[in-house]
Amino acid sequence: MQQHTGNEFAAAWDMIAQGTPSTKIIMGVLALMSVASWTLIALKFIQFRRLHREADQFLDRVQAAASLEEAYTWVRGLNDSPFTRLFKRGMGFFTELRPGAARQGSDVRGLSPAQLEVMRMVLEKEEAEEREDAARGLSWLAIIATASPLLGLLGTVLGVMNSFLGVAASGSSSITVVAPGVAEALVATGGGLVVAIPAAMSYNYLTARLNRFTGELEGISTELIGALAREGRI
């Protein structure tokens, strides 16, 4: 084993290449999980960075508007995004309800409390749909972070079992007989951890970004209702 000192990665690769079929299969599955994990991580990082830019652009346009109609006109000129869809959905629903409120004979040309509550529910439904779209793929990161260490542990158990079977077959308990199998088994554990650690860290970080995105959507809904109230429309 001394020949591998200072070159652990080469030693691990040699043990995998010369290992048992079970070790090769488990390490192959872990490699596929690692590729899938890093692909998801890259895609979700790009997605949330784009959403952050879209949120800033949306808020800049809306806050610069002198009235809700002007904001709505500007928003319709923006590229499609979760924020523009939410705003358009709210304004479209308000436009559908307002004529009915006007025909009720009331001097207040706005929404009744029941209609306002329905509008809140519509906005919440839109928020949930946008959150679900943004969260797509995160569950797979959680699965990979949970399953890969267990898969590595399975490889360790099988490797240790093979080592003891080798000891029984040879009739010798010398360290030179046991050590290669144990080392091969531990490589599987290390592989599982190498896959799980970045997946778990990225999942927690991306979940925080998802919660931030959800908060931005809720803020837009609240701001829309607040703007309607300030302009005397509800």
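As the structure is a computational prediction, the values presented were derived from the model and not from experiment.

## A few points about empty space enclosed by the protein
The full count for this structure, using the stated rule, is one cavity of 30 Å³ or more. Taken as a whole, the largest cavity spans an internal volume of roughly 50 Å³. Looking at the largest cavity, the residues that line it are F48, L51, H52, R209, R212, F213 and E216. Here the lining of the largest cavity takes four residues from helix α7 (residues 175-230), the largest share from any one element. In the lining of the largest cavity, the residues fall into three nonpolar, one polar and three charged.

## With respect to the nonpolar core
Core analysis: the biggest nonpolar cluster contains 47 residues, and F58, F87, M119 and F213 have the highest contact counts within it. Secondary-structure elements contributing two or more residues to this core are α2 (21-64), α3 (68-76), α4 (82-102), α5 (113-135), α6 (138-170) and α7. No other element matches the 13 residues that α7 contributes to this core. Excluding anything up to four places from it in sequence, M119 contacts G90, F93, F94, L111, L224 and L228.

## Re the packing of α2 against α3
As a packed pair, α2 and α3 sit with axes 8 Å apart at the nearest point and diverge in direction by 150 degrees. When the interaxial angle is binned, α2 and α3 end up roughly antiparallel. Judged by the sense of rotation from one axis to the other, the crossing of α2 with α3 is right-handed. Between α2 and α3, the contacting residues are F58, R61, V62 and A64 on the first element and A71, W74 and V75 on the second. Of the residues belonging to the contact of α2 with α3, the class tally is six nonpolar, no polar and one charged.

## Some points on the confidence of the model for the chain
Mean pLDDT for the chain: 80, with 77% of residues reaching 70 or above. By mean pLDDT, helix α1 (residues 8-17) is the weakest element of the chain at 61, and α5 is the strongest at 91. Predicted confidence is poor over residues 1-6, with pLDDT under 50, and the contacts of this stretch with residues over four places away or in other chains come to three contacts. A low-confidence stretch, residues 100-108 (pLDDT under 50), is modelled with five contacts involving residues beyond four sequence positions or located in other chains.

## Some thoughts on the packing of α2 against α5
Relative orientation of the contacting elements α2 and α5 amounts to 145 degrees, with a least axis distance of 10 Å. Touching K44, Q47, F48 and L51 of α2 are D133, A134 and A135, all from α5. Residue composition of the contact of α2 with α5, by class: four nonpolar, one polar and two charged.

## Focus on the packing of aromatic side chains
This model, assessed by the stated rule, comprises five aromatic pairs. On the basis of an interplanar angle of 15 degrees and a centroid distance of 5.3 Å, the ring pair of F45 and Y205 is categorised as stacked. Of this pair, F45 sits in helix α2 while Y205 sits in helix α7; the two residues are 160 residues apart in sequence, bridging distant segments of the chain. The interplanar angle of 75 degrees and the centroid separation of 5.7 Å between the aromatic rings of F83 and F213 together place this pair among those described as edge-to-face. Taken together, the residues F83 in helix α4 and F213 in helix α7 connect sequence positions 130 residues apart. Pairwise contacts between aromatic rings join F58, Y72, F83, F87 and F213 into one cluster. One cation-aromatic arrangement involves R76 over Y72; the distance from NZ or CZ to the ring centre is 4.6 Å.

Each value, and the rule that gives it
Residues numbered from 1 in each chain as written. Predicted model: local features only at pLDDT ≥ 70, side-chain atom pairs only at ≥ 80, totals over all residues. Heavy atoms only, no water. 1 Å grid on protein atoms, 1.4 Å probe; cavity = no way out; pocket = protein on both sides within 12 Å on 5 of 7 lines; lining within 4 Å. Points joined across faces, edges and corners; volume = space filled by probe spheres on them. Helix = DSSP H or I, 4+ residues; strand = E, 2+ residues; numbered from the N terminus. Nonpolar A, V, L, I, M, F, W, Y, C, P; charged D, E, K, R; others polar. Core = buried A, V, L, I, M, F, W, Y, C linked by side-chain atoms within 4.5 Å. Buried < 20%, exposed > 50% of the residue type's maximum accessible area, 1.4 Å probe, protein only. Contact = heavy atoms within 4.5 Å. Axes fitted to C-alpha atoms, helices over the stretch in contact; angles between N-to-C directions. Parallel < 35°, antiparallel > 145°, perpendicular 65-115°, else oblique. Left-handed = near helix turned anticlockwise from the far one by under 90°. pLDDT = per-residue confidence, 0-100. Phe/Tyr/Trp six-rings, centres within 6.5 Å; stacked < 30°, edge-to-face > 60°. Lys NZ or Arg CZ within 6 Å of the ring centre and 35° of its normal.

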